[in-house]
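# A structural walkthrough
Spelled out from the first residue to the last, the chains are:
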Amino acid sequence: MPLRLAWLILLLTLIPLKDSGAISAQSQYDHARQLFVRGDLEGSQQEAQRGYERYRTNNPRWASEFLLLKAQSQLQRGMYGDVLRTLSDNDFKPGSADSVIRSQTIEGIALFRQQQLPMAEQKLARARELCKASAFASCGEVLRARGIFAGERGDIPQARELFLATHLFAEAHHDVYLDASAELNLGWAALQVDHFDEALDWLRSATRMSGEIGAENLKEKCSGSLGWAYYQLGDDDRALEQFLAAENAAARAGSPREQLKRLSDAGYVYRDRSDWPRAMECYRQALLLAQQLDSKGDIENALEDMAQISAVRGNLKEAGAFIDQVTPMETAGGERISPNLMLTKGELAAEMHRDAEAEADDRSVWNDPAALTTIRLDAGSELAGLYEAQGRTAAAEQMYRSTLNVYESARETLKKEEAQLPFGANATEIYDDYIHLLIQHGRTGAALDAADESRGWTLEQGLDADRGKRALARATLDPRRIAQSANATLLFYWLGDEQSYLWAITPQRVAMFTLPTRQQIAAHVQGYSNAILKLEDPLATRNPDGKWLYQTLIAPANGIIRPDKPVILLADGVLSEVNFETLIVPGPSPGQDQNSGAASHYLVDDLTIVSAPSLAMLGASKTARDQGSAMLLLGDPVSPSPDFPSLPLFAYEMTRIESHFEKNRLSVVAGREATPAAYLSSHPSQYSYIHFVSHAIANSTDPLDSAIVLSSSRADDSSFKLYARDIIRQPIDAQLVTISACYGSGTRLYAGEGLVGLSWAFLRAGAERVVGALWEVSDSSTPRLMDSFYGSIALGNSPEASLRTAKLTLLHSAGRFRLPFYWAVFQMYDRE
């Protein structure tokens, strides 16, 4: 072969090699980038390293791009020292202005996280200058980095403005990943100023976008931030679920910084539950990860948290050592120590009886407008407790009131039920301590006012028409007048950590009784509930929990309760989960021969009992109602799935209820027509009675996702669910709503609100009374009970008396329906 031809062939073979190499580099880079977006940060870093090694000698531009992606992955993992080493590599030579902007931004954030603030600002300033020349795609990250810097400095308004600018930039450049990141940051900014509704909206939107593009790393961060929002709102269960899920996702993705953040967050939940060992273990793991990353800010946070746990547990020497270690770190740059650390210092000083120092530290946090509301509430509570321990009763009372005013102001900013419902947990301990202080000094009336102040706030917010009347009733609370207006005895309970209390209220007097602690009462409630759900016969077994609950909760007020008048219960906490009618009274019932030798009977034999949310709501002047008897009867749906089968007795129950109403006053929606849309479009406000016969779902995680199961209106999987959140948006004016379905009362307790589920939703929509189930209903006994219930109403008896009559019919029958599981499942809730 001639030499010239050989060279030509060699040249021709070399040309495509060059092109395919470029294509291969792009493909490998895209793969590494996709790993990054999907959240596999460790995999992305490793793939970027392989790309760099492959092209470092023959393609410096691609080598630099791979190094830049490697640094970005390291940054997301919290490996800030490694980021700086990667970008200082001699082979790193960014080949475009866009790459320079990206490198300066990444390096600036890494320096900022290492608290090298002047150098960090210089890097970001250079990136900003380059962005003035043209709107490079990477300039959105510069805006976001500036927002991060502003937020970490405490300038939340500036941070929010920059994150909004990032959001708009991302939308204009169709950068979904950047947009999701910006919305995540906007959610964080909203949380810093206690704008919880706004935060939830941003974070849910960011979660949705992250899921659409498969950005698991961002989705995990959204999960953690949502957890923090729930935590600040007082929803510990939901927060812990989010934190643990985010921590596991971060561990799988190889993101140690996100992992340590979520470990710390989970530690806060365990701390609030007094689970000190788990809390400390979370903080120790977080500290270890922070030290491995050489992340100074995270090291400080972990040491602060460990100091607080040590102080609470009484390990004062250990707490002091942690504080001594972290204080110089926080003040090294001339910065003030954080409110969280200052609060811990105050707690430690109080434990060591250095009262002046404790007061100064707590007062510093209390007066800090930048401190989170929850931290200020802790500071106010600590100050009040300090004054109380010093015997400064007036100062303690004033501090408790000031702290509760801060809580109430924060609560007023919440507009959505999902944020309102759990927020009461933030004040439970404060109210408990305040009420205990008032009672210790003989101010039982003021203590009752304070206890009622904590009740039913979210329920009230939805009843706009009567809100002014209820506010007036709360401001001029007169318990005896309320009892007289209700023609009933009122039993108001408060469950506390040190003591619990019962106020028995009649038109003639108010008497207060001291009860055992919340924990003691809860144990007996749990034991008795378990016995009932296991179909036990408590009378036959002489159940000790049922007897104890009667002796503890009812017997103290026996001299006040009038059997010929209804009893209205204003329950607290776990007492909302027990039907008081099942409590075991010693001796024969009033209808039995007193010489019969009967050892005991149920309280339902003695009293008519209903539940109410608060004294203020009972005290609001009742709105005149049309006393008509129009009934909307909706149920017996077509089964939407095998999980919710049609039951023959659905139709039978509806037939029996129909028989008690005039045809021209009855609207029946059944079968395929019984859909959620049919209820919502039926103008339900025109009915005095509304009755559902169907299955139901109680959602304990989000009670507003509880639903009545009806017929499907379309192929949509969820079109058969009448959600609680939709119920509250449809105003009604019914005298009575009955949910003849399982768990209509709900399964989730909220501080100050009680059980929240479908019954609560109908009260919130405007119903005067609601009948709901505390547990699973029996499809065999329920039609019989409902037939008797409406038969009694048709005779002119009140709904509460009629429900008691129906229960007594089952109780005194010869078969299995005499067990509480069957007759006690339904409870009546009355808001007026």
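Residues numbered from 1 in each chain as written. Predicted model: local features only at pLDDT ≥ 70, side-chain atom pairs only at ≥ 80, totals over all residues. Heavy atoms only, no water.

We now examine unusual backbone geometry. Positive phi, close to 65°, is recorded for Asp194, a residue that is not glycine. In this fold, Asp194 is placed in the loop between helix 9 (176-192) and helix 10 (196-212). Backbone geometry places Asn487, a non-glycine residue, at a positive phi of 55°. Note that Asn487 resides in the loop between helix 26 (479-486) and strand 1 (489-494). Residue classification places Asn487 among the partly exposed positions, given a relative accessible area of 41%. (Helix = DSSP H or I, 4+ residues; strand = E, 2+ residues; numbered from the N terminus. Buried < 20%, exposed > 50% of the residue type's maximum accessible area, 1.4 Å probe, protein only.)

Attention now moves to the packing of aromatic side chains. Each pair of aromatic rings is reported with the distance of its centres and the angle of its planes. For the coordinates displayed, the defined rule picks out 28 aromatic pairs. Judged by centre distance (6.4 Å) and plane angle (85°), the rings of Tyr679 and Phe762 are edge-to-face. Taken together, the residues Tyr679 in helix 32 (residues 676-680) and Phe762 in helix 34 (residues 758-765) connect sequence positions 83 residues apart. Relative to Tyr790, the ring of Phe789 has its centre 4.9 Å away and its plane inclined at 50°; by these criteria the two rings are tilted. Accessibility classification places Phe789 together with Tyr790 in one group, the buried group. Among the aromatic residues, those joined into a ring-pair cluster are Tyr29, Tyr55, Trp62 and Phe66. The positively charged end of Arg33 is found above the aromatic ring belonging to Tyr177, 5.7 Å away from the centroid. Across from the ring centre of Trp366, 4.7 Å away, lies the NZ or CZ of Arg376, which sits over that ring. (Phe/Tyr/Trp six-rings, centres within 6.5 Å; stacked < 30°, edge-to-face > 60°. Lys NZ or Arg CZ within 6 Å of the ring centre and 35° of its normal.)

Here we take up the sheet that holds strand 12 (residues 707-709). The strand order across the open sheet formed by three strands is 11-12-13, and the pairing between neighbours is antiparallel. Among the strands making up the open sheet, the edge pair consists of strand 11 (695-697) and strand 13 (721-723). For this sheet the average axis-to-axis angle between neighbouring strands, irrespective of direction, equals 25°. The sheet contact formed by strand 11 and strand 12 spans three bridges and is antiparallel. Bridging across to strand 12, Ala696 finds its partner in Ile708. (Pairing = 2+ DSSP bridges. Axes fitted to C-alpha atoms, helices over the stretch in contact; angles between N-to-C directions.)

Moving on, we get to the environment of Arg208. If you trace the backbone, Arg208 turns up in helix 10. Distance in space between the C-alpha atoms of Arg208 and Ala598 is 63 Å, their sequence separation being 390 residues.

Attention now moves to helix 26. Along helix 26, the positions that sit buried rather than exposed are Pro479, Ile482 and Ala483. Mapping the buried residues of helix 26 onto a view down its axis gives an arc of 100°, with all of them on the same face. Buried residues in helix 26 make contact with helix 23 (444-453), strand 1, strand 2 (500-505), strand 3 (510-515) and helix 30 (615-619). (Arc of directions from axis to C-beta. Contact = heavy atoms within 4.5 Å.)

As a further point, take the side chain of Asp606. Mapped onto the elements, Asp606 comes out in the loop between strand 6 (600-602) and strand 7 (609-611). One buried charge, Asp606, has no salt-bridge partner; the nearest side chain with opposite charge is Arg804, at 6.2 Å. A polar side-chain atom of Asp606 sits 3.0 Å from a polar atom in the side chain of His601. Other than its neighbours up to four places away in sequence, Asp606 contacts Pro563, Val585, Pro590, His601 and Arg804. (Lys, Arg positive; Asp, Glu negative; His and termini not counted. Salt bridge = Lys/Arg side-chain N within 4 Å of Asp/Glu carboxyl O. Polar contact = N/O pair within 3.5 Å; in protein donor to acceptor, adjacent residues only side chain to side chain.)

Let us now look at the pairing of strand 17 (residues 769-773). Of all five residues making up strand 17, five are buried, and the element is well covered by its neighbours. Both faces of strand 17 are covered, namely the face carrying Arg769, Val771 and Ala773 and the face carrying Val770 and Gly772. With two bridges connecting them, strand 14 (residues 736-740) and strand 17 associate as parallel partners. Within strand 17, the position partnered with Val737 by the bridge is Val770. Strand direction decides the pairing type here: strand 17 and strand 18 (residues 826-830), joined by five bridges, are antiparallel. Across the sheet, the residue bridging to Ala773 is Phe826, located in strand 18.

Once that is clear, we can look at the pairing of strand 9 (residues 666-671). In terms of strand pairing, strand 8 (residues 631-637) meets strand 9 through six bridges, oriented parallel. Along strand 9, the bridge assignment pairs Met631 with Leu666. In the classification by handedness, the crossover that spans strand 8, the intervening helix 31 (residues 648-658) and the parallel strand 9 is right-handed. (Right-handed = clockwise from strand over helix to strand, strands pointing away.)

Turning our eyes to something else, we now look at the pattern of salt bridges. Here the structure, examined in full by the defined rule, presents 44 salt bridges. Residue Arg50 pairs with Glu47 through a salt bridge whose shortest N-O separation is 2.7 Å. Of this pair, Arg50 and Glu47 both sit in helix 2 (residues 41-55), three residues apart, which is roughly one turn of the helix. Given the relative accessible area of 44%, Arg50 is considered partly exposed. With a relative accessible area of 11%, Glu47 lands in the buried category. Ionic pairing is found between Glu397 and Arg443, a salt bridge with its closest N-O pair at 2.5 Å. Of this pair, Glu397 sits in helix 20 (residues 393-412) while Arg443 sits in the loop between helix 22 (428-440) and helix 23; the two residues are 46 residues apart in sequence, bridging distant segments of the chain. By relative accessible area, Arg443 is classed as partly exposed at 37%. A cluster of three or more residues bridged by salt bridges with shared partners is formed by Arg204, Arg238, Glu418, Asp702, Asp705 and Arg725.

Applying the stated rule across the entire model yields one disulfide. A sulfur-sulfur distance of 2.2 Å marks the disulfide that ties Cys131 to Cys139. Between Cys131 and Cys139, the S-S dihedral sits near -105°, and the bridge is therefore left-handed. Judged by relative accessible area, Cys139 falls into the buried class, the value being 6%. (Disulfide = S-S within 2.5 Å.)

What follows covers the side chain of Glu800. Within the element layout of this structure, Glu800 appears in helix 36 (residues 799-811). When neighbours within four sequence positions are excluded, Glu800 is seen to be in contact with Thr608, Val610, Arg769 and Met828.

Moving on: the confidence of the model for the chain. Of all residues in the chain, 94% have pLDDT values of 70 or greater, and the mean over the chain is 90. Contacts of residues 1-20 to residues separated by more than four positions or lying in other chains number two contacts, the stretch itself having pLDDT below 50. (pLDDT = per-residue confidence, 0-100.)

Further remarks concern the environment of Ile532. Among the secondary structure elements, Ile532 is positioned in helix 27 (residues 518-533). The residues contacting Ile532, other than those within four sequence positions of it, are Thr582, Trp775, Pro820 and Phe821.

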